[in-house]
Amino acid sequence: MITEIAPAAGPVVSEPTRPGKKRRAWDEVPRRQIYLPLGIYLLFTLIPFYWILLFALRPAGSTSLVPWPVTFDHFQKVWTERSFGTYFTNSVYVGVSTLLLTTVVALAGGYALARFDFRLKRGFMLALLCSQFVPGALLLVPLFQIFAKLQMINSLGSVVIAETVFQLPLSMILISGFIRNVPYSLEEAAWVDGCDRLTAFRIVVLPLLRPGLVAVGSFAFVHAWNHFLFALMFLSDQSKQTIPVGLNTLMSADSVDLGALAAGGIIAAVPVVIVFAFIQKWLVTGFSAGAVKG
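Because the structure is a prediction, the values reported are computed rather than measured.

Conventions we followed
- Residues numbered from 1 in each chain as written.
- Predicted model: local features only at pLDDT ≥ 70, side-chain atom pairs only at ≥ 80, totals over all residues.
- Heavy atoms only, no water.
- Helix = DSSP H or I, 4+ residues; strand = E, 2+ residues; numbered from the N terminus.
- Buried < 20%, exposed > 50% of the residue type's maximum accessible area, 1.4 Å probe, protein only.
- Areas by Shrake-Rupley, 256 points an atom, 1.4 Å probe, with all protein chains shown as cover.
- Expected span 1.5 Å × (residues − 1).
- Bend = angle between axes of the 7 residues up to and from the residue.
- Core = buried A, V, L, I, M, F, W, Y, C linked by side-chain atoms within 4.5 Å.
- Axes fitted to C-alpha atoms, helices over the stretch in contact; angles between N-to-C directions.
- Contact = heavy atoms within 4.5 Å.
- Nonpolar A, V, L, I, M, F, W, Y, C, P; charged D, E, K, R; others polar.
- Polar contact = N/O pair within 3.5 Å; in protein donor to acceptor, adjacent residues only side chain to side chain.
- pLDDT = per-residue confidence, 0-100.
- Salt bridge = Lys/Arg side-chain N within 4 Å of Asp/Glu carboxyl O.
- Parallel < 35°, antiparallel > 145°, perpendicular 65-115°, else oblique.
- Left-handed = near helix turned anticlockwise from the far one by under 90°.

Peer 1: Break down the overall build of the chain for me, with residues and values.
Peer 2: Within the chain one finds twelve helices and zero strands. Put simply, the chain runs from its N terminus to its C terminus through helices and strands in the order α-α-α-α-α-α-α-α-α-α-α-α. Every one of the 294 residues in the chain was classed for burial, and the buried ones make up 35%. For the chain, the exposed area adds up to about 18900 Å²; of that, 68% sits on carbon and sulfur atoms.

What follows is the structure, given as structure tokens:
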């Protein structure tokens with residue numbers, strides 16, 4: 001495999017300002033006009049998070065605006081008494097299974113869309129795009145009937161399949177965009193060296209798709225983790241519910257346990273925040289790469 005050698009990095013030299021070069025409009029904007037709106041936006045964004053932490057960490061019945069003394073009774077309550085440990089395990093199973101299934105199927109379909117020409121290809125792509133305008137609520141009745149005939153009601157597998165079907169159109173479109181950015185000549189060179197199509201794809205193309213796979217997989221995981229409707233309709237046993245349904249059980253018509261609800265919300269949000277903190281670079285690279293046609 002032929003690789004291109006990048007030139008050695010040298011010291012960064014600032015470009016001198018040319019006499020006839022026009023200055024851009026944002027170069028003359030005072031810094032306060034940039035930082036002030038960003039600060040206000042950041043304030044409005046962080047206040048709800050602080051409010052959730054306040055209710056989750058302060059004792060029940062307290063009206064203090066500072067969570068002191070700090071207590072973890074609400075977390076212990078929702079994790080043990082409200083079965084959030086079981087909900088968390090079920091959500092991890094649904095999220096990881098949806099991630100793997102969506103990525104594998106979208107990878108195969110995206111490769112076919114990017115590398116092969118077939119009849120009604122444009123119509124198929126248009127159908128994939130139009131499917132994104134269909135709300136998930138319209139899929140409940142046909143999916144419920146299908147799962148009932150397959151005896152998959154009250155099974156986590158039904159939620160995984162439903163989430164995968166809902167995520168596949170957009171994932172296939174994104175993956176096909178990533179594959180188009182990989183030069184076809186790289187695969188041809190691997191074929192000349194004796195590789196078949198599958199081996200060439202595994203050795204040459206797949207390593208270059210890592211940012212795209214991370215973007216598609218993380219999008220599928222987060223959607224499956226946060227989705228409420230499918231788990232509510234297809235799962236009736238409490239031991240098989242997921243975290244979004246578990247949060248709904250903390251609210252009743254008569255009262256709402258704000259401390260337990262805030263603690264449950266933090267338990268639901270922390271894994272997603274940790275995942276995005278580690279894959280942020282890959283995620284931005286993947287979505288920017290898939291948005292440009294090669």
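On we go.
Peer 1: Which residues make up helix α6 (residues 156-180), and what are the values?
Peer 2: End to end, α6 covers 35 Å across 25 residues, agreeing with the expected 36 Å (1.5 Å per residue, within 8%). A bend of about 45 degrees at L168 is the largest found in α6, and the proline P169 appears one to four places after it. Most of α6 is tucked away, with 19 of its 25 residues classed as buried.

Peer 1: Residues and numbers for the nonpolar core, please.
Peer 2: By size, the foremost hydrophobic cluster in this structure holds 20 residues, and its most contacted members are A56, F75, V78, F84, W225, I243 and L247. Those elements that provide at least two residues to this core are α1 (32-57), α2 (73-81), α3 (84-115), α9 (210-226), α11 (243-249) and α12 (258-290). Counting residues per element, this core draws most heavily on α12, at seven residues. Residues A106, L113, I173 and I175 belong to the second largest nonpolar core, which totals 19 residues.

Peer 1: Lay out the packing of helix α8 (residues 197-208) against α9 with the relevant residues and their values.
Peer 2: Viewed as axis vectors pointing N to C, α8 and α9 meet at an angle of 60 degrees, and their least axial separation amounts to 4 Å. Residues L206, P207 and L208 of α8 touch α9, and the partners they reach there are R210, P211 and L213. Considering only residue class, the contact of α8 with α9 consists of five nonpolar, no polar and one charged.

Peer 1: Give a detailed account of the environment of D196, specifying residues and quantitative values.
Peer 2: Mapped onto the elements, D196 comes out in the loop between α7 (184-192) and α8. There is a polar contact of 2.5 Å between the side chain of D196 and the side chain of T199.

Peer 1: Pulling in residues and values, what's your account of the confidence of the model for the chain?
Peer 2: Here the chain shows a mean pLDDT of 80. Residues at 70 or above account for 85%. Summarising per-element confidence for the chain, the mean pLDDT is lowest in α12 (75) and highest in α3 (90). This stretch, residues 1-15, has a pLDDT under 50; its non-local contacts, to residues over four places away or in other chains, come to one contact. Low pLDDT, under 50, characterises residues 290-294; the predicted model gives this stretch eight contacts beyond four residues in sequence or across chains.

Peer 1: Explain the environment of V141 to me, and be specific about the residues and the numbers.
Peer 2: Among the secondary structure elements, V141 is positioned in helix α5 (residues 140-149). For V141, a relative accessible area of 55% translates into the label exposed. Spatially, the C-alpha atom of V141 lies 9.7 Å from that of M233, the residues being 92 residues apart in sequence.

Peer 1: Mind laying out the pattern of salt bridges, listing which residues take part and the relevant values?
Peer 2: Counting across every chain of the model gives two salt bridges. Note that R115 and E187 form a salt bridge whose closest N and O atoms lie 2.6 Å from each other. One end of the pair, R115, is in helix α3; the other, E187, is in helix α7, with 72 residues separating them in the sequence. For K121, the salt bridge is made with D117, and the minimal N-O distance between the two is 3.4 Å. For K121, a relative accessible area of 16% puts it in the buried group.

Peer 1: Summarise unusual backbone geometry; cite the residues concerned and give the values.
Peer 2: Most peptide bonds take the trans form, and the phi angle of most residues other than glycine is negative. Look at S83: it is not a glycine, yet its phi comes out positive at around 60 degrees. By relative accessible area, S83 is classed as partly exposed at 25%. A positive phi angle, near 55 degrees, is found at Q151, a position not held by glycine. With respect to the helices, strands and loops of the structure, Q151 is situated in the loop between α5 and α6. Using a relative accessible area of 74% as the deciding quantity, one classes Q151 as exposed.

Peer 1: Now, about the packing of α6 against α9: what can you tell me, with residues and values included?
Peer 2: Here α6 crosses α9 at 160 degrees, and the two axes come no closer than 10 Å. Judged by the angle between their axes, α6 and α9 are roughly antiparallel. The chirality of how α6 crosses α9 is right-handed. For the pair α6 and α9, the contacting residues are E163, F166, Q167, L170, S171, L174, I175 and F178 in the first and G212, L213, V216, F219, A220, H223 and A224 in the second. Of the residues belonging to the contact of α6 with α9, the class tally is ten nonpolar, four polar and one charged.

Peer 1: Describe in detail the environment of I179, supporting the description with residues and values.
Peer 2: Assignment of secondary structure puts I179 in helix α6. I179 sits 33 residues away from G212 along the chain, and the two C-alpha atoms are 8.9 Å apart. Filtering out sequence-adjacent residues up to four positions away, I179 remains in contact with L107, G110, Y111, A114, R115 and L209.

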